[in-house]
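Next come the chains, spelled out residue by residue.
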Amino acid sequence: MNEKNFNQILQEIKIISDKLNDSNTSMEESIELFKKGTELINEAKKQLLSLEGEVKKVLDDNKTEEF
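Before going into details, it helps to say that this report is about the structure given with it. (Residues numbered from 1 in each chain as written. Predicted model: local features only at pLDDT ≥ 70, side-chain atom pairs only at ≥ 80, totals over all residues. Heavy atoms only, no water.)

Further remarks concern the packing of helix 1 (residues 6–20) against helix 2 (residues 27–61). Relative to each other, helix 1 and helix 2 sit at 155°, their axes nearing to 9 Å. If you check the angle between helix 1 and helix 2, you find them roughly antiparallel. The crossing of helix 1 and helix 2 is left-handed. Contact residues: helix 1 offers Phe 6, Ile 9, Glu 12, Ile 13, Ile 16, Lys 19 and Leu 20, while helix 2 offers Ser 30, Leu 33, Phe 34, Lys 36, Gly 37, Leu 40, Ile 41, Glu 43, Ala 44, Gln 47 and Leu 48. (Axes fitted to C-alpha atoms, helices over the stretch in contact; angles between N-to-C directions. Helix = DSSP H or I, 4+ residues; strand = E, 2+ residues; numbered from the N terminus. Parallel < 35°, antiparallel > 145°, perpendicular 65-115°, else oblique. Left-handed = near helix turned anticlockwise from the far one by under 90°. Contact = heavy atoms within 4.5 Å.)

Okay, structure coming up:
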């Protein structure tokens, strides 16, 4: 699977959200879109947590001590 960056995931979630809000979307398609959206949200959350860890590490590595 080709890993998507955070912005690509957000764009795909927006497209899914728009389709879910469309009254022409069937119930079956809505369920599949909901499942896909949930997967994408979990992937975005995972990426954010990873980035948060990287930011914390950079901040910890660059702390200065006062004398």
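This part takes up the pattern of salt bridges. Taken as a whole and judged by the stated rule, the model has 6 salt bridges. Measuring nitrogen to oxygen at the nearest pair gives 3.6 Å for the salt bridge that ties Glu 32 to Lys 35. Within this pair, Glu 32 and its partner Lys 35 are both found in helix 2, separated by 3 residues, close to a single helical turn. Look at Glu 32 and you get partly exposed, because its relative accessible area is 48%. Residue Lys 35 is classed as partly exposed on the basis of its relative accessible area, which comes to 45%. Measuring nitrogen to oxygen at the nearest pair gives 3.7 Å for the salt bridge that ties Glu 52 to Lys 56. Here Glu 52 pairs with Lys 56, and both are found in helix 2, just 4 residues apart, close to one helical turn. Overall, the relative accessible area of 47% leaves Lys 56 in the partly exposed class. (Salt bridge = Lys/Arg side-chain N within 4 Å of Asp/Glu carboxyl O. Buried < 20%, exposed > 50% of the residue type's maximum accessible area, 1.4 Å probe, protein only.)

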